[in-house]
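Structural characterization, general
Listed below are the residues making up each chain.
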Amino acid sequence: MAIDSNAGGVNLSKVTLSKATPSINLTKPGEQQGNMRVNLNWSTGSKGFFRRSKPVDLDLGCLYELADGSKGVVQAIGGNFGALDAPPYILLDGDDRSGTAAGGENMHINLARPELFRRVLIFAFIYEGVPNWAAADGVVTLFPTSGPQIEVHLDSPVDGARSCAIALLQNQGSGITVHREVHYINGAQKEIDEAYRWGMNWQSARK
């Protein structure tokens, strides 16, 4: 299945999830969509006070649980880039090591059969560089093939936290909802797992 890089381009409206409005329906019961693009963009942190800092390598990834109970992770670490036409129906298409790529990092979620998903937790992880989220100034945007774009700003930063759980997609029988998390975690994927009780076994890996 080809990736539609212009997914969401027809509908230019945008919804920003905030503490006041943290959730939105992504799909309705029985609704089928195409490949939703999830984009992470951030600053290199190379201007002003941070000009001498090593560029931040911010990675996009997700934990997933499918309807059949299978669980896993999609991320650059360990080469777990996923697949669109086979489980987990999620694909990470690259790894921007510096934040200088105009398109940032992109992940695609195949929503042709949304009932195959139970939950997906989108996260960002500072692989290299000082864990300074304020300098990174990150934003994640979801581009569904129908409906508005959904934007989540990585605001309210916590100094020293290496990971941020950004948004939780859940299928509770009434379609898929997106809930803003922006939960900063002192640790890596294992600690994200523990915070959300994903129940996976973790081993060290590198890119």
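Residues numbered from 1 in each chain as written. Predicted model: local features only at pLDDT ≥ 70, side-chain atom pairs only at ≥ 80, totals over all residues. Heavy atoms only, no water.

The protein goes by Tellurite resistance protein TerA in an unreviewed UniProt entry, where it is assigned to Nocardia tenerifensis.

**Quick notes on the packing of aromatic side chains**
The geometry of an aromatic ring pair is captured by the separation of the ring centres together with the interplanar angle, meaning the angle of the planes. Applying the stated criterion across every chain, the model contains 3 aromatic pairs. With a centroid separation of 6.4 Å and 80° between ring planes, the pair formed by Y89 and F117 is classed as edge-to-face. You can see Y89 sitting in the loop between β6 (82-83) and β7 (90-92) and its partner F117 sitting in strand β9 (residues 117-128), a full 28 residues away along the chain. Since its relative accessible area comes to 18%, Y89 is described here as buried. Ring centres of F125 and Y127 lie 6.4 Å apart, and the angle between their planes is 70°; on these two criteria the pair is classed as edge-to-face. Residue class for F125 comes out buried when judged on its relative accessible area of 7%. The ring of F143 carries R37 above its face, with NZ or CZ at 4.1 Å from the centroid. A cation over a ring is seen here: R119 above W198, with NZ or CZ 3.7 Å from the ring centre. (Phe/Tyr/Trp six-rings, centres within 6.5 Å; stacked < 30°, edge-to-face > 60°. Helix = DSSP H or I, 4+ residues; strand = E, 2+ residues; numbered from the N terminus. Buried < 20%, exposed > 50% of the residue type's maximum accessible area, 1.4 Å probe, protein only. Lys NZ or Arg CZ within 6 Å of the ring centre and 35° of its normal.)

**Quick word on empty space enclosed by the protein**
Within the structure shown, the criterion is met by 2 cavities of 30 Å³ or more. In this structure, the largest cavity spans a volume of roughly 50 Å³. Contributing to the lining of the largest cavity are I109, L111, F117, R118, R119, V120, L169, Q170, N171 and I176. Elements with a contribution of two residues or more to the lining of the largest cavity: β9 and β12 (163-171). Along the lines of polarity and charge, the residues of the lining of the largest cavity split into 6 nonpolar, 2 polar and 2 charged. (1 Å grid on protein atoms, 1.4 Å probe; cavity = no way out; pocket = protein on both sides within 12 Å on 5 of 7 lines; lining within 4 Å. Points joined across faces, edges and corners; volume = space filled by probe spheres on them. Nonpolar A, V, L, I, M, F, W, Y, C, P; charged D, E, K, R; others polar.)

**Side note on the confidence of the model for the protein**
Summarising the model, the protein shows a mean pLDDT of 84, and 82% of its residues fall at 70 or more. This model gives residues 1-11 a pLDDT under 50, and the stretch forms 21 contacts once residues within four places in sequence are excluded. Within the model, the stretch residues 46-52 combines pLDDT values under 50 with 5 contacts to residues more than four positions away or in other chains. (pLDDT = per-residue confidence, 0-100. Contact = heavy atoms within 4.5 Å.)

**Points about the sheet that holds strand β5 (residues 71-74)**
Within the open sheet, the 6 strands sit side by side as β2-β13-β12-β9-β4-β5. Their pairing is antiparallel. Of all the strands in the sheet, the pair left with one neighbour each is β2 (23-25) and β5. For this sheet, the mean inter-axis angle between neighbouring strands, taken without regard to orientation, is 20°. Sheet topology note: the β9/β12 ladder contains 7 bridges and is antiparallel. Residue pairing across strands places V120 opposite L169, the latter belonging to β12. The strands that helix α2 (residues 189-196) touches are β4 (57-66), β9, β12 and β13 (176-185); relative to β13, the one it contacts most, it runs at about 125°. (Pairing = 2+ DSSP bridges. Axes fitted to C-alpha atoms, helices over the stretch in contact; angles between N-to-C directions.)

**Here's the deal with the sheet that holds strand β10 (residues 139-143)**
Backbone hydrogen bonds hold the strands of a sheet together, and the pairing may be parallel or antiparallel. Strand order in this open sheet of 7 strands is β1-β11-β10-β3-β8-β7-β6, and the pairing throughout is mixed. The open sheet has two edge strands, β1 (14-16) and β6, and neither has a second partner. Bridge count for β10 against strand β11 (residues 149-153) is 4 bridges, and the pairing is antiparallel. Across the sheet, the residue bridging to V139 is H153, located in β11.

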